[in-house]
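Observations on the three-dimensional arrangement
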Amino acid sequence: MSSAVVTRFAPSPTGYLHIGGARTALFNWLYARRYGGRMMLRIEDTDRERSTQGAIDAILDGMSWLGLDWDGDVVYQFARAERHREVAQALLDSGNAYRCYATPDELAQMRETARAEGRPLRYDGRWRDRDPSDAPAGVAPAIRLRAPSEGETVVEDAVQGRVVWQNRDLDDLVLLRSDGNPTYMLAVVVDDHDMGVTQVIRGDDHLTNAARQSQIFSALGWEVPRMAHIPLIHGADGAKLSKRHGALGVDAYRDLGYLPAALRNYLVRLGWSHGDQEVFSTEEMVAAFDLKAIGRSPARFDFAKLENLNGLYIRGASDAALVSAIEQVVPSIGAERGLSAPLPPALREKLTAAMPGLKERAKTLVELIDSAYYLYAARPLALDAKAAALLTDETKARLGAVIAELEALETWDAASTEGAVRAFAEANGLKLGLVAQPLRAALTGRTTSPPVFDVLAVLGREESLSRLRDQVGQG
Ligand code: GLU
């Protein structure tokens, strides 16, 4: 295959960029990259009532966040309506389309009859061969395709295989409505042609449209792009994907603390496989991606798998990259934790220093932020219930004595604080944990944290001692 490959992602901006759309975008992106081609982005905003600028922004943001860039300018379908009308006119001129004056009442009647007879609704072609001079005065016509009435329409689909429709089952579809607005079916064909699209990759809910669109391409004498219709994503229970299953906007995944690289990796395996490989760098995905390895049955969305993969990417990320990733989600999830972006330089530094310990346990950035609570908690710390229960009169008295030992230290680091605490425990015949646990509770407000001496080192002398004094009432 040559560098002539052109794919496109063509979302309708009627909602957020949901997870299925993101996967479609990714597959188009990978295929174009794999063959040294281009991926275009077309916003299908012809439904003026349901398309919103907010949705367009969410789609563009979501793609940027996922690292899926497109080639050239974004194409807005509605802005091309004049071109679509021009093509409809050309089809009229060539006899491949005709004017239809059927009234809404007639069409409703046709629908009724079809339903009564248990047939699928088909336009009965009543204006197909009628003399144009029969046209009723003052009625604006719709323009319909003069579709072939015999033979077959065949789509050789890279995923679905050879799919055949009997032309007698496909009626003469509307290209231009009586109000002069192009239909979706016409717009897609004209745009795909004008954008030089060679390979369509989209959800298999568009498979029947592929037959319709092939007929329009043929009527225009244009080459039909190659097709690949990918099975939709289902929930873990096999039912159609719903919000409950993870049919959220890509922005929601960002706010749940997923890394774009992890989500990309997760999405590529939703319906596509490469041996039993689960983890792919972007380069590996690009090198391995192909349409042949897309399965025909719906992929199942599995949150646990996404989490595990995200944990893997978190552990593999550099400390600095994780601090930046945290900073990026702080505007949406930081406020309730008392954080705002940009993070104060001192906190950035502490986060970076603590990251090697923190990232071992976190599966999401949210967990990472929460486990770093002790680094940004405001004094006096709000203790969680378990930590509060650890601080009894007895353990507080013990901490009071430890404070005196720590105050005496000349150097303050993990080793020196550990030495002091161990010596204290031994001198008092206590197991280390009986001192370390209340220390952790007072310093972090939690009962789990990175090793407590690392916490002391990262917080530094002043902050550590102040937090301990707060809890033992020496403030
Ligand atoms: N705009 C359509 C959608 O969002 C996609 C059309 C296409 O890919 O041909 O479902």
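That block above? That's the structure.
No experiment lies behind these values; they were computed from the predicted model shown.

**Regarding the overall build of the chain**
Broken down by element type, the chain carries 19 helices and 12 strands. Relative to the compact-globule value of 23 Å for 475 residues, the chain shows a C-alpha radius of gyration of 31 Å, a clear excess of over 25%. Per-residue burial for the chain yields a buried fraction of 49% across its 475 residues. Nonlocal contacts in the chain, meaning residues at least 24 apart in sequence, comprise 75% of its contacts between residues at least 6 apart.

**Some words on the sheet that holds strand β3 (residues 75-76)**
Spatially, β1-β2-β3 is the arrangement adopted by the 3 strands of the open sheet, whose pairing is parallel. The open sheet has two edge strands with one neighbour each: β1 (6-9) and β3. In this sheet, strand β2 (residues 38-43) lies alongside β1 in parallel orientation, the contact comprising 4 bridges. Residue pairing in the sheet places Phe 9 in a bridge with Leu 41 of β2. Running at roughly 165 degrees to β1, helix α1 (residues 19-34) makes contact with β1 and β2 of the sheet.

**Examining the layout of surface pockets**
Within this model, the largest pocket holds a volume of roughly 1,200 Å³. Around the largest pocket sit 44 residues that line it, and Pro 11, Ser 12, His 18, Asp 205 and His 206 are the ones nearest its centre. Among the secondary structure elements, those contributing two or more residues to the lining of the largest pocket are β1, α1, α5 (184-194) and β9 (199-203). Its residues assigned to classes, the lining of the largest pocket comprises 18 nonpolar, 14 polar and 12 charged. In this structure, the second largest pocket encloses a volume near 390 Å³. Forming the boundary of the second largest pocket are 23 residues, of which Leu 107, Tyr 123, Ala 142, Arg 144 and Val 174 lie nearest the centre. Contributions of two or more residues to the lining of the second largest pocket are made by α4 (104-116) and β5 (142-145). For the lining of the second largest pocket, the element with the highest residue contribution is α4, accounting for 4 residues. Considering only residue class, the lining of the second largest pocket consists of 14 nonpolar, 3 polar and 6 charged.

**Brief notes about unusual backbone geometry**
The omega torsion across Ala 341 and Pro 342 is -10 degrees, close enough to zero to call that bond cis. With respect to the helices and strands, the residue Pro 342 is situated in the loop between α11 (319-333) and α12 (345-358). Here the residue pair Arg 379 and Pro 380 is connected by a cis peptide bond, since its omega of -15 degrees sits within 30 degrees of zero.

**So, the site of the ligand**
Every residue lining the ligand is accounted for by Arg 8, Ala 10, Pro 11, Ser 12, Glu 44, Tyr 184, Arg 202 and His 206. A distance of 2.7 Å separates a nitrogen atom of the ligand from a polar backbone atom of Ala 10. When isolated, the ligand has an accessible area of 300 Å², and the protein chains bury 80% of it. Judged by the proximity of its atoms to the pocket grid, the ligand belongs to the largest pocket. Of the residues contributing to the shell around the ligand, the split by class is 3 nonpolar, 2 polar and 3 charged.

**Here we look at the pairing of strand β10 (residues 226-230)**
When you tally the buried positions in β10, you get 4 out of 5 residues, the bulk of the element. Across 5 bridges, the pairing between β9 and β10 is parallel. From the neighbouring strand, Gln 199 faces β10, where its bridge partner is Arg 226. Remark: the β9/helix α6 (residues 207-220)/β10 crossover connection has right-handed handedness.

**Here's the deal with the side chain of Ser 214**
Its place among the elements puts Ser 214 in helix α6. Residues in contact with Ser 214, not counting those within four places in the same chain, are Thr 153, Val 155 and Val 224.

**What about the sheet that holds strand β4 (residues 97-100)?**
Pairing is antiparallel across the open sheet formed by 3 strands, whose spatial order is β4-β5-β8. Of all the strands in the sheet, just β4 and β8 (174-176) have a single pairing partner and so form its edges. Here the strands of the sheet are splayed against their neighbours by 45 degrees on average, with no regard to which way each runs. Sheet topology places β4 next to β5; 4 bridges connect them, and they run antiparallel. Residue pairing across strands places Ala 97 opposite Leu 145, the latter belonging to β5.

**Digging into the side chain of Asp 191**
Along the chain, the position of Asp 191 falls in helix α5. Leaving out residues up to four positions away in the same chain, Asp 191 has contacts with Arg 42, Gln 77, Arg 80 and His 84.

**Regarding the packing of helix α18 (residues 432-444) against helix α19 (residues 452-472)**
Two elements in contact, α18 and α19, have axes whose closest approach is 9 Å; the angle formed by their N-to-C orientations is 75 degrees. With respect to α19, the element α18 is oriented roughly perpendicular. Only Val 452, Phe 453, Val 455, Leu 456, Leu 459, Ser 464, Arg 467, Leu 468 and Gln 471 of α19 make contact with α18, whose side of the interface consists of Leu 432, Ala 436, Leu 439, Arg 440, Ala 442, Leu 443 and Thr 444. Looking at side-chain class alone, the contact of α18 with α19 contains 11 nonpolar, 3 polar and 2 charged residues.

**Re the pattern of salt bridges**
Pairing between side chains of opposite charge can happen when the charged atoms of each approach one another. Using the criterion set out here, one finds 35 salt bridges in the structure. In this structure, the salt-bridge partner of Lys 305 is Glu 278, at a minimum N-O distance of 3.4 Å. With a gap of 27 residues between them, Lys 305 in helix α10 (residues 303-316) and Glu 278 in the loop between α8 (260-268) and α9 (282-288) connect regions that are remote in the sequence. Residue Lys 305 is classed as partly exposed on the basis of its relative accessible area of 30%. Shared partners join several salt bridges into a network, and the residues in it are Arg 8, Arg 42, Glu 44, Arg 80, Arg 83, Glu 86, Asp 191, Asp 192 and Asp 194.

The rules behind these values
Residues numbered from 1 in each chain as written. Predicted model: local features only at pLDDT ≥ 70, side-chain atom pairs only at ≥ 80, totals over all residues. Heavy atoms only, no water. Helix = DSSP H or I, 4+ residues; strand = E, 2+ residues; numbered from the N terminus. Rg over C-alpha atoms; globule rule 2.2 N^0.38 Å. Buried < 20%, exposed > 50% of the residue type's maximum accessible area, 1.4 Å probe, protein only. Contact = heavy atoms within 4.5 Å. Pairing = 2+ DSSP bridges. Axes fitted to C-alpha atoms, helices over the stretch in contact; angles between N-to-C directions. 1 Å grid on protein atoms, 1.4 Å probe; cavity = no way out; pocket = protein on both sides within 12 Å on 5 of 7 lines; lining within 4 Å. Points joined across faces, edges and corners; volume = space filled by probe spheres on them. Nonpolar A, V, L, I, M, F, W, Y, C, P; charged D, E, K, R; others polar. Near = heavy atom within 4 Å. Polar contact = N/O pair within 3.5 Å; in protein donor to acceptor, adjacent residues only side chain to side chain. Areas by Shrake-Rupley, 256 points an atom, 1.4 Å probe, with all protein chains shown as cover. Sits in = over half its atoms within 2 Å of the grid points. Right-handed = clockwise from strand over helix to strand, strands pointing away. Parallel < 35°, antiparallel > 145°, perpendicular 65-115°, else oblique. Salt bridge = Lys/Arg side-chain N within 4 Å of Asp/Glu carboxyl O.

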